[in-house]
Amino acid sequence: KPAVFRESIVLGEHHGSANEVSAVVRSLREVGYEPGVYDLVNKNCNSFSNEFSIRLIGVPIPRWINRLANWGSLFNAGQSAP
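I will try to describe carefully the structure that is included in this document. Note that the coordinates shown come from a computational prediction; the quantities given were computed from them, not determined experimentally.

Cut-offs used in this document
- Residues numbered from 1 in each chain as written.
- Predicted model: local features only at pLDDT ≥ 70, side-chain atom pairs only at ≥ 80, totals over all residues.
- Heavy atoms only, no water.
- Phe/Tyr/Trp six-rings, centres within 6.5 Å; stacked < 30°, edge-to-face > 60°.
- Helix = DSSP H or I, 4+ residues; strand = E, 2+ residues; numbered from the N terminus.
- Buried < 20%, exposed > 50% of the residue type's maximum accessible area, 1.4 Å probe, protein only.

**Considerations on the packing of aromatic side chains**
Two measures describe an aromatic ring pair: the distance that separates the ring centres and the angle between the ring planes.
Here is step 1: One pass over the structure, following the stated rule, counts 2 aromatic pairs.
Here is step 2: Ring plane angle 75 degrees and centroid distance 5.5 Å describe the contact between tyrosine 33 and phenylalanine 48, whose orientation is recorded as edge-to-face. Of the two residues, tyrosine 33 sits in the loop between helix H1 (18-29) and helix H2 (45-57) while phenylalanine 48 sits in helix H2, which places them 15 residues apart along the sequence.
Here is step 3: Relative accessible area serves as the criterion here: at 14%, tyrosine 33 is assigned to the buried category.
Here is step 4: On the basis of an interplanar angle of 15 degrees and a centroid distance of 6.0 Å, the ring pair of phenylalanine 48 and phenylalanine 52 is categorised as stacked.

Encoded structure:
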């Protein structure tokens, strides 16, 4: 069954090439988003999306999107997930 999304949020447009998009993804791998590494609180899909958006179009995702993980980081300080 395909995913059902509640809403879409337009952040802007990228007017560059597909190669530039690939370069951004490669650069994110070098700063902790490499395959096989995931942290529910600190390096999750929303934090990746935020970094990706900032690097690609210069605009962060809305802060409320990752609010739950941000709250979790308050309780998870200094601890790593199993």
